[in-house]
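# Fold and geometry: a report
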Amino acid sequence: MEYPFSVRDIIISDPFILADPVSKKYYTYAAVFNPERFPDLKFPGCFYALESEDLVHWSNPIKVFDSDETGFWAKLDYWAPECHMWKGKYYLISSFRTEGSYRKCQCLVSDSPLGPFVQLRQEAVTPPDWQCLDGTLYVDLHGKPWMVFCHEWLQVGDGQIAAVPLSDDLSEAVGPPEVLFRASDAPWRGSFCRHSCYVTDGPFLYRMKDNSLLMLWSSFTEKGYATGYAKSKSGEIHGPWIQRQEPLYFLDGAHSMLFHTFDGRLMMSLHCPNIHTKKKMLLFEMEEKDGELYILNEITGNWYQNAGGNAAGYLYHEPCREEIRFSGKAEE
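This write-up is about the structure you can find in this document. (Residues numbered from 1 in each chain as written. Predicted model: local features only at pLDDT ≥ 70, side-chain atom pairs only at ≥ 80, totals over all residues. Heavy atoms only, no water.)

### Comments concerning the sheet that holds strand S9 (residues 104-110)
Sheet strands line up and pair through hydrogen bonds in the backbone, either parallel or antiparallel. Here we have four strands laid out as an open sheet, ordered S7-S8-S9-S10, and antiparallel in their pairing. The open sheet has two free edges, formed respectively by strand S7 (76-86) and strand S10 (118-119), since each of these has just one partner strand. (Pairing = 2+ DSSP bridges. Helix = DSSP H or I, 4+ residues; strand = E, 2+ residues; numbered from the N terminus.)

### Focus: the sheet that holds strand S15 (residues 201-207)
Pairing within the open sheet is antiparallel, and its four strands lie in the order S15-S16-S17-S18. Every interior strand has two partners, whereas the edge strands, S15 and strand S18 (241-243), have only one. Neighbouring strand axes in the sheet, compared pairwise and without regard to direction, differ in orientation by 30° on average. Of the strand pairs in this sheet, strand S16 (residues 213-221) and strand S17 (residues 224-232) are connected by eight bridges, and their pairing is antiparallel. Within S17, the residue paired with Thr221 across the bridge is Gly224. (Axes fitted to C-alpha atoms, helices over the stretch in contact; angles between N-to-C directions.)

### Some words on empty space enclosed by the protein
Evaluation of the coordinates by the stated rule reveals one cavity of 30 Å³ or more. In this structure, the largest cavity encloses a volume near 60 Å³. What lines the largest cavity is simply Asp14, Pro15, Phe16, Ala80, Pro81, Glu82, Gly202, Pro203, Phe204, His255, Ser256 and Met257. For the lining of the largest cavity, the elements supplying multiple residues, two or more each, are S7, S15 and strand S19 (254-260). Of the residues in the lining of the largest cavity, the class split is seven nonpolar, three polar and two charged. (1 Å grid on protein atoms, 1.4 Å probe; cavity = no way out; pocket = protein on both sides within 12 Å on 5 of 7 lines; lining within 4 Å. Points joined across faces, edges and corners; volume = space filled by probe spheres on them. Nonpolar A, V, L, I, M, F, W, Y, C, P; charged D, E, K, R; others polar.)

### Section: the environment of Gln106
Mapped onto the elements of the fold, Gln106 is located in strand S9. Between the alpha carbons of Gln106 and Trp241 there is a distance of 25 Å; along the sequence they are 135 residues apart. Not counting residues within four places of it along the chain, the set of residues in contact with Gln106 comprises Phe72, Trp73, Leu92, Ile93, Ser94, Phe96, Gln119, Arg121, Glu123, Ala124, Val125 and Met147. (Contact = heavy atoms within 4.5 Å.)

### Let's talk about the layout of surface pockets
Where empty space is left in the structure can be found by rolling a water-sized probe over the atoms. The calculated volume of the largest pocket comes to roughly 890 Å³. Lining the largest pocket are 37 residues, and of these Ser13, Asp14, Trp79, His276 and Lys279 sit closest to its centre. At the level of elements, S7 and strand S11 (132-139) are the ones that each hand at least two residues to the lining of the largest pocket. Ranked by the residues each element gives to the lining of the largest pocket, the list is headed by S7, at six residues. Class assignment for the residues of the lining of the largest pocket results in 20 nonpolar, eight polar and nine charged. Empty space within the second largest pocket amounts to approximately 590 Å³. The wall of the second largest pocket is formed by 22 residues, among which Phe16, His84, Phe204, Leu205 and Leu258 lie closest to the centre.

### A look at the pairing of S9
The buried count for S9 comes to seven of seven residues, which makes it a mostly enclosed element. Here S9 shows two buried faces, one formed by Lys104, Gln106, Leu108 and Ser110 and the other by Cys105, Cys107 and Val109. Of the strand pairs in this sheet, strand S8 (residues 89-97) and S9 are connected by seven bridges, and their pairing is antiparallel. Bridge pairing in S9 links Ser95 to Cys105. Counted between consecutive antiparallel strands, the loop separating S8 from S9 contains six residues, among which Gly100 sits at a positive phi close to 85°. In the sheet, S9 pairs with S10 via two bridges, with the strands oriented antiparallel. Along S10, the bridge assignment pairs Leu108 with Gln119. (Buried < 20%, exposed > 50% of the residue type's maximum accessible area, 1.4 Å probe, protein only.)

### Concerning the packing of aromatic side chains
For the structure shown, the criterion picks out 20 aromatic pairs. Relative to Trp73, the ring of Phe72 lies with its centre 5.7 Å away and its plane at 50°, an arrangement referred to as tilted. Classification of Phe72 as buried rests on a relative accessible area of 8%. Members of the aromatic cluster, each reached through a chain of ring pairs, are Phe47, Phe65, Phe72, Trp73, Tyr78 and Phe96. Positioned above the aromatic ring of Trp73 is the side chain of Lys104, whose terminal nitrogen or guanidinium carbon lies 5.5 Å from the ring centre. The side chain of Arg189 reaches across the aromatic face of Tyr198, ending 4.3 Å from its centre. (Phe/Tyr/Trp six-rings, centres within 6.5 Å; stacked < 30°, edge-to-face > 60°. Lys NZ or Arg CZ within 6 Å of the ring centre and 35° of its normal.)

Shape is all these values report; function is a separate question.
In structure tokens form, the structure reads like this:
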């Protein structure tokens, strides 16, 4: 496969990176990439993947799901797709909606990271009367799968992070939803509107080296979109969840996740700035230290002219041209 697409050029919302241990390739997914560069992508109702060997050079989009070919129930709001491996199969988790319905989350399945993905059921996993988005997979210490997702501020005002236990094939919820925390619990969050609405976006769970359980999630500060994290006091999904006092990244970039490169580097991906036509993928080398998570370095240079928030007045007018390098040490 050819890899003509630079990471610096990718326009994408909510970039999730699958480091596939089988193919030793990296994959990211979206409903649309760079409309001016790829005007022939079918939209809406499809998902596409990009493939990479080095996180720098990427393939052109490859169609991995087509709702017309599978008779899927929804064509709208194909938001924030994530691809997880579970028991030898690949599960694409996303948000979906059809006219007149609430937004819902569910899983699609394939034997390959490049699909074709198919639905497990025609019913969503999230509660039928909830407006939801940004589902992610979490497997607890007993090996049981959960979907963690956002109960949206549009419906409840103070956005929630919630979870439901899943069946072993990830096709349905097998228990009631549980609210884990609310956006207003975080000291760093700001109001999204003048009526004190608080947003939750993009949960992602990560088991630290000291076995503590961390959850990245996103909201808005007074200066823009931001990523923070919380820690579970019990070390499990039920919490209670203790919020970090300050956001991890706050320059109008968020919807973050963590992954390891094939040589062991801990990385974080997110999009920035939070302007739909300008969202670029940012990749950060990360560090775990004394039970906390820190940024070591952002490698793509996409902040150089595209960050926002407090950095907006300090940006350059020309794109970064330096060679992309990984400087952090691989984990032992």
